[in-house]
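# Structural description and commentary
One-letter residues, chain by chain:
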Amino acid sequence: MIDEGFQRLIAGADSIIPENELKKKLKEGRPLRVKLGIDPTAPEIHLGFVVVLRKLRQFQDLGHIAVLIVGDFTARIGDPSGRSKTRPPLTDKVIKENIKGYAKQIFKILDEKKTELRYNSEWLSKLTPSDIVKLASNITVARLLERDDFEKRYTQQHPIGLHEFLYPLFQAYDSVSVRSDIELGGTDQRWNHLLGRELQKSFGQEPQVVFLMPLLEGLDGKRKMSKSYNNYIGIEEPPREQFGKVMSIPDELILRYFHLCLNYQGEELEEVKQRLEGGENPMKLKLDLAEGIVRLYYSEEEAKKTREEFIKVFSKEETPEDIEIFEVKKGEEVWIVELLDRAGLVDSRGEARRMIKQGALEIDGEKITDFTKNISFDDEAIIRLGKKRFLKLVPR
RNA sequence: GGGGAGGUUCCCGAGUGGCCAAAGGGGACAGACUGUAAAUCUGUUGGCAAAGCCUUCGGAGGUUCGAAUCCUUCCCUCCCCA
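The model shown is predicted, which means the values in this text are computed figures rather than measured ones.

### A look at the protein's contact with RNA strand B
- By nearness alone, 32 residues border RNA strand B, and Q157, D251, F310, R353 and R354 come closest of all.
- Of everything in RNA strand B that lies within 4 Å of the protein, sugar and phosphate atoms constitute 59%.
- For RNA strand B, a sugar or linking oxygen lies 3.1 Å from a polar atom in the side chain of R354.
- Measuring from a base nitrogen of RNA strand B, one finds a side-chain N or O atom of Q358 at 2.8 Å.
- Among the secondary structure elements, those contributing two or more residues to the surface near RNA strand B are α14 (282–297), α15 (300–315) and α17 (349–357).
- The biggest single contributor to the surface near RNA strand B is α17, with five residues.

Structural data, given as structure tokens:
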């Protein structure tokens, strides 16, 4: 392993514990088993998770094996990491459904041939009570309570289920079961992964190297990107959505997104930085960023098209091209609130009223603020509700 | 096992008989300003063809003209003692 390659491999990592062990393992020249736990709680992969997946792919390209562990058993517990409350456990059925869509998305990034897909129920459900007791003796309550998340909950007198204490233990046992050489994950997994090392040692195995990638902040710019915070950009979302979401990230995140989502390094990244510091409108950079991201998950053409359309719709306030169509009866009088509701633009009629009152509704560019109004249509019309919601009415 | 404190709307949290669809904050949404950024200001934030009606304060009963608020019972959480 030459040094340059090593640098590339560790690029972007938040921490590698310990780095010299990683070097040593790489020198052995054998395919390493790189473990990544996936949590089947959300059926959608987002850019934050992709950061880790892409690193894993890098390992694969060097001939190593990705060991993906579906936490079907542990999902019944719910990972307490970073949580302030107990996670609702998932049912088997939901887990299975989630995994199906998951695999499809994952192999857009990973090399399926160099991937070993395992379910941790395979070994965890075989543990006997005495096995579990033995496992549990490897960790003390004091150490568990050292964890930020548990500590916080404990001092704030929030409940912690005993099963939640078991979670990190089981995850660590996964490492033992698959004999992992390296465990990859986000920085919030540090504690869990380190426990994996200890457990492997006590099972007489060579401990895994803990390889942590930074957590990508979500659209709110504060919390990590996560389905449950609803601040994510999904890799399967339509281009327009992806583009729009990228445009709405806080400016402070621009560099980070270039780095973590588009893999900009060194000079490339420096150039973006220069542009920002040189007083260029950050919006321009975000346009490039958004285009880059759409290009990555769709195509060059799609990305260009989406960019042009974005500028057209939001900068020049023109109507987007292919908007969803809703059919109405020609000439029939409809109460405007009912129309919005039937068209599915709002969650309730109350919401429709509110938005109309607040001036969020435009029909063919004309603002409508009277929510008692009835209207009828003889020709096609464009409805715009708020900034993002569009609908084309087609009278039949 | 004993003693104490709690469970309120998306979240936190006030509310101890009518003025409560429930203060305040957060979040979210909308409007102004902009660059679908931030900051700021304004408004909205259970449902309904709405000055009215219906559903909501852990669950089920009850008292009352009237209950988030009182009583009974059940479930859940936290703390202290054993």
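Once you've had a look at it, read on.
### Comments concerning the packing of aromatic side chains
- If you walk through the whole model with that rule in mind, you get eight aromatic pairs.
- Summarising the aromatic geometry, the rings of F49 and Y102 are spaced 6.4 Å apart at their centres and angled 75° between planes, so their arrangement reads as edge-to-face. Taken together, the residues F49 in helix α3 (residues 47–61) and Y102 in helix α4 (residues 92–106) connect sequence positions 53 residues apart.
- What makes F49 buried here is its relative accessible area of 15%.
- Overall, Y102 belongs to the buried group, its relative accessible area being 7%.
- Between the aromatic rings of F59 and F211, the centroid separation amounts to 5.5 Å while the plane-to-plane angle is 80°, which identifies the pairing as edge-to-face.

### A short note on the nonpolar core
- L22, L36, L47, F211, Y257 and I293 are the most contacted members of the largest nonpolar core, which has 62 residues in total.
- Among the elements that take part in this core, α3 stands out by supplying eight residues, more than any other.
- Looking at which domains feed residues into this core, each of domain 1 (3–215) and domain 2 (239–315) gives three or more.
- Ignoring any residue separated from it by four or fewer positions in sequence, one finds F211 in contact with L9, I10, A13, S15, I16, L22, K55, F59, I182, E183, L184 and G185.
- Ranked by size, the runner-up nonpolar core spans 24 residues in total, among them M355, A381, L385 and L391.

Parameters at a glance
- Residue numbers here run from 1 along each chain, matching the order of that chain's written sequence.
- Both sets of labels track the order of writing: A upward for chains, 1 upward for ligands.
- Residue-level local features of this predicted model are given only where pLDDT is at least 70; pairs of side-chain atoms are given and counted only at 80 or more, and the full residue set underlies all totals for whole chains, interfaces and linings.
- As a rule here, side-chain values cover all heavy atoms of the structure and leave hydrogens and water aside.
- Any residue with a heavy atom lying within 4 Å of a molecule or strand is counted as near it.
- Distance and chemistry together define a polar contact, namely a pair of N or O atoms within 3.5 Å, with one atom able to donate a hydrogen and the other to accept it when in protein, and with adjacent residues in sequence counting only for side-chain atoms on both sides.
- Helix numbers and strand numbers start at the N terminus; a helix is a DSSP run of H or I with at least 4 residues, a strand a run of E with at least 2.
- The rule is short: rings of Phe, Tyr and Trp, with Trp giving its six-membered ring, pair when the centres are within 6.5 Å, and they are stacked under 30 degrees, edge-to-face over 60, tilted in between.
- Buried means the residue's accessible area, taken with a 1.4 Å probe over protein chains only, is under 20% of the maximum for its type, while exposed means over 50%, and partly exposed covers the values in between.
- What is meant by a nonpolar core is a set of buried Ala, Val, Leu, Ile, Met, Phe, Trp, Tyr and Cys residues, joined one to another through side-chain atoms within 4.5 Å.
- Domain boundaries shown here were taken from an automatic or database domain assignment.
- Contacts are residue-level and defined by heavy atoms, with any inter-residue pair within 4.5 Å sufficient.

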